[in-house]
Amino acid sequence: MIERPETAVQSIARNLEGYVGFATLPNQVYRKSVKGGFEFTLMVVGESSLGKSTLINSLFLTDLYSKDYPGPSQRIKKTVQVEQSKVLIKEGGGVQLTLTIVDTPGFGDAVDNSNCWQPVINYIDSKCEDFLNAESRVNRRLMPDNRVHCCLYFIAPSGHGLKPLDIEFMKRLHDKVNVIPLIAKADTLTPEECQLFKKQIMKEIQEHKIKIYEFPDTEDDEDSKLIRNIKEKMPLAVVGSNVVIEVNGRKVRGRQYPWGVAEVENGEHCDFTVLRNMLIRTHMQDLKDVTNNVHYENYRSKKLAAVTCNGVDNSKGQLTKSPLAQMEEERREHVMKMKKMETEMEQVFEMKVKEKKQKLKDSEAELERRHEQIKKNQDK
């Protein structure tokens, strides 16, 4: 083996005397990204009748859930299930977004809600497993990203803090997905009640060491101000509505009450615009990056670390197999299965032969009996 001396490579900044053209690289990346389109998976979790479907329709200005295709909570019985809906959204400039909405009808509606979060965990893990399998294939050109990038957790506007189910669910999922807590139907609370409720929720989140989505650090003053403003409003209090109402000569989306109108896009009434801007306009890519670089990498490292030379998963104490050992075991199982089938076929064949011999003996005995009977009749 030839050892080569290590040499330090220094990069020197140089000013070009003329135009080369690599300054167009961002434009090339932009065109490629727009051509391929974008994917985003959003999970909504919460009890029934908290306005999850209405909020999704309000966020993306599309009737993902309509009268012809109502929300899962209105179509499925009250058992915890996971259902996904896909819609292709197009916006100006030819930008396409394949939006996947994952709903959990029946969550928290039963008398006994023990382990009602398990179907959600299984769904998130299964999508990571699918992506890991796609990465391991020989042909990796087609790799759809169906991993859950964000989970909006809806908290009932009770005004009394988090329920034990809320705490347990977020603790179970905060290491697997970006969790953003929301106060649903915030128009049922007064501004003072809403602020006290927010403080109580954030206090309990910190006490139970629940890790909600962390906004990225930035050196830009304007971005830092925006992030600080969002953090101060967490958890976001939202109101959803698809009804357009005319207020003082202008048309707004909101809810009509005897005392007035709760406007969806009015920052003084709720935090809907903050959620929409953060989720879609400013931090959608960061949510995808955190999913890929943090949550998925954690899942991937645990999964690959489980497959060891001796086939023992040290983290869970379960027996696992390396790919070669798995193939050898499958071969042995196939040989045993074939031997078992061969034995069963031989037994069936022997049984059929015995039955046939018995039938022949019975037929021969019957013929002899008839022959004897005929002979006796002739002697008479």
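Moving on, we get to helix α2 (residues 52–60). With eight of nine residues buried, α2 lies mostly within the body of the structure. Every buried residue of α2 is listed here: Lys52, Ser53, Leu55, Ile56, Asn57, Ser58, Leu59 and Phe60.

Right, let's get into the packing of helix α4 (residues 118–135) against helix α5 (residues 164–173). Two elements in contact, α4 and α5, have axes separated by 11 Å at closest approach and are oriented at 20°. If you check the angle between α4 and α5, you find them roughly parallel. Along this stretch, α4 crosses α5, giving a crossing that reads as right-handed. In contact with Val120, Ile121 and Ile124 of α4, α5 contributes Phe169, Arg172 and Leu173. For the contact of α4 with α5, the class distribution of residues is five nonpolar, no polar and one charged.

As a further point, take the packing of aromatic side chains. Tallied over the entire structure, the rule returns two aromatic pairs. Aromatic side chains Phe131 and Tyr296 sit 5.2 Å apart centroid to centroid with 90° between the ring planes, which places their arrangement in the edge-to-face category. Note that Phe131 is positioned in helix α4 and Tyr296 in helix α9 (residues 284–306), a separation of 165 residues in sequence. For Phe131, a relative accessible area of 9% translates into the label buried. Both rings, one in Tyr153 and one in Phe169, keep their centres 4.9 Å apart while their planes meet at 20°; by these two values the pair is stacked. Here Tyr153, found in strand β4 (residues 150–155), pairs with Phe169, found in helix α5; they are 16 residues apart in sequence, far enough to count as distant. A relative accessible area of 1% places Tyr153 in the buried class.

Following the sequence through the fold, Gln118 ends up in helix α4. Its relative accessible area of 32% is what places Gln118 among the partly exposed residues.

Strand β5 (residues 179–183) sits mainly inside the fold: five of its five residues count as buried. Pairing between β4 and β5: five bridges, direction parallel. Bridged to Ile155 within β5 is Ile183. This β-α-β element, β4 to α5 to β5, shows right-handed connectivity. Of the strand pairs in this sheet, β5 and strand β6 (residues 236–237) are connected by two bridges, and their pairing is parallel. Among the inter-strand pairings, Ile183 is bridged to a residue of β6, identified as Ala237.

This part is about the environment of Cys194. By the secondary structure assignment, Cys194 is in helix α6 (residues 191–207). Overall, the relative accessible area of 9% leaves Cys194 in the buried class. When near neighbours in sequence (up to four residues on either side) are disregarded, Cys194 contacts Leu189 and Ala237.

Attention now goes to unusual backbone geometry. Even without glycine at this site, Lys209 takes up a positive phi of about 55°. Judged by its relative accessible area of 68%, Lys209 falls in the exposed class.

With that settled, consider the packing of α2 against helix α8 (residues 272–282). Axes are the key here: two packed helices are described by the angle between their axes and the distance separating the axes. Packing of α2 against α8 brings their axes to within 10 Å, and their N-to-C directions diverge by 65°. For the element pair α2 / α8, the angle class is roughly perpendicular. Where α2 crosses over α8, the two elements pack in a sense that is right-handed. Across the interface between the two elements, Leu55, Ser58, Leu59 and Phe60 from α2 touch Phe272, Leu275, Arg276, Leu279 and Ile280 from α8. Of the residues that constitute the contact of α2 with α8, the class distribution is seven nonpolar, one polar and one charged.

Moving on: the side chain of His174. Structurally, His174 is set in the loop between α5 and β5. Its relative accessible area of 11% is what places His174 among the buried residues. A distance of 3.3 Å separates a polar side-chain atom of His174 from the backbone oxygen of Lys171. Beyond its immediate sequence surroundings of up to four residues, His174 is in contact with Val179, Lys209, Ile210, Lys211 and His295.

Both strand β2 (residues 83–91) and strand β3 (residues 95–103) contribute to a ladder of nine bridges, which runs antiparallel. In the sheet register, Glu83 faces β3, and the bridge partner there is Asp103. Counted along the chain from β2 to the antiparallel partner β3, the turn is three residues long, and its residue Gly93 has a positive phi close to 85°.

As enumerated under the stated definition, the model contains seven salt bridges in all. The salt bridge involving Glu168 is made with Arg172; its shortest N-O contact spans 2.9 Å. Taken together, the residues Glu168 and Arg172, both in helix α5 and four residues apart, mark about one turn of the helix. Taking the relative accessible area as the measure of exposure, Glu168 reaches 27% and is therefore partly exposed. Owing to a relative accessible area of 39%, Arg172 belongs among the partly exposed residues under this scheme. Measuring nitrogen to oxygen at the nearest pair gives 2.6 Å for the salt bridge that ties Asp271 to Lys198.

This paragraph deals with the sheet that holds strand β9 (residues 260–263). If you walk across this open sheet you meet the three strands as β7-β8-β9, and the pairing is antiparallel. Every other strand in the sheet has two partners, leaving β7 (244–247) and β9 as the edge strands with one partner each. Adjacent strand axes in the sheet meet at a mean angle of 70°, parallel and antiparallel pairs treated alike. Both strand β8 (residues 250–257) and β9 contribute to a ladder of four bridges, which runs antiparallel. Looking at β9, one finds that Gln256 is bridged to Val261.

Reading the values: rules and limits
- Residues numbered from 1 in each chain as written.
- Predicted model: local features only at pLDDT ≥ 70, side-chain atom pairs only at ≥ 80, totals over all residues.
- Heavy atoms only, no water.
- Buried < 20%, exposed > 50% of the residue type's maximum accessible area, 1.4 Å probe, protein only.
- Helix = DSSP H or I, 4+ residues; strand = E, 2+ residues; numbered from the N terminus.
- Axes fitted to C-alpha atoms, helices over the stretch in contact; angles between N-to-C directions.
- Parallel < 35°, antiparallel > 145°, perpendicular 65-115°, else oblique.
- Left-handed = near helix turned anticlockwise from the far one by under 90°.
- Contact = heavy atoms within 4.5 Å.
- Nonpolar A, V, L, I, M, F, W, Y, C, P; charged D, E, K, R; others polar.
- Phe/Tyr/Trp six-rings, centres within 6.5 Å; stacked < 30°, edge-to-face > 60°.
- Pairing = 2+ DSSP bridges.
- Right-handed = clockwise from strand over helix to strand, strands pointing away.
- Polar contact = N/O pair within 3.5 Å; in protein donor to acceptor, adjacent residues only side chain to side chain.
- Salt bridge = Lys/Arg side-chain N within 4 Å of Asp/Glu carboxyl O.

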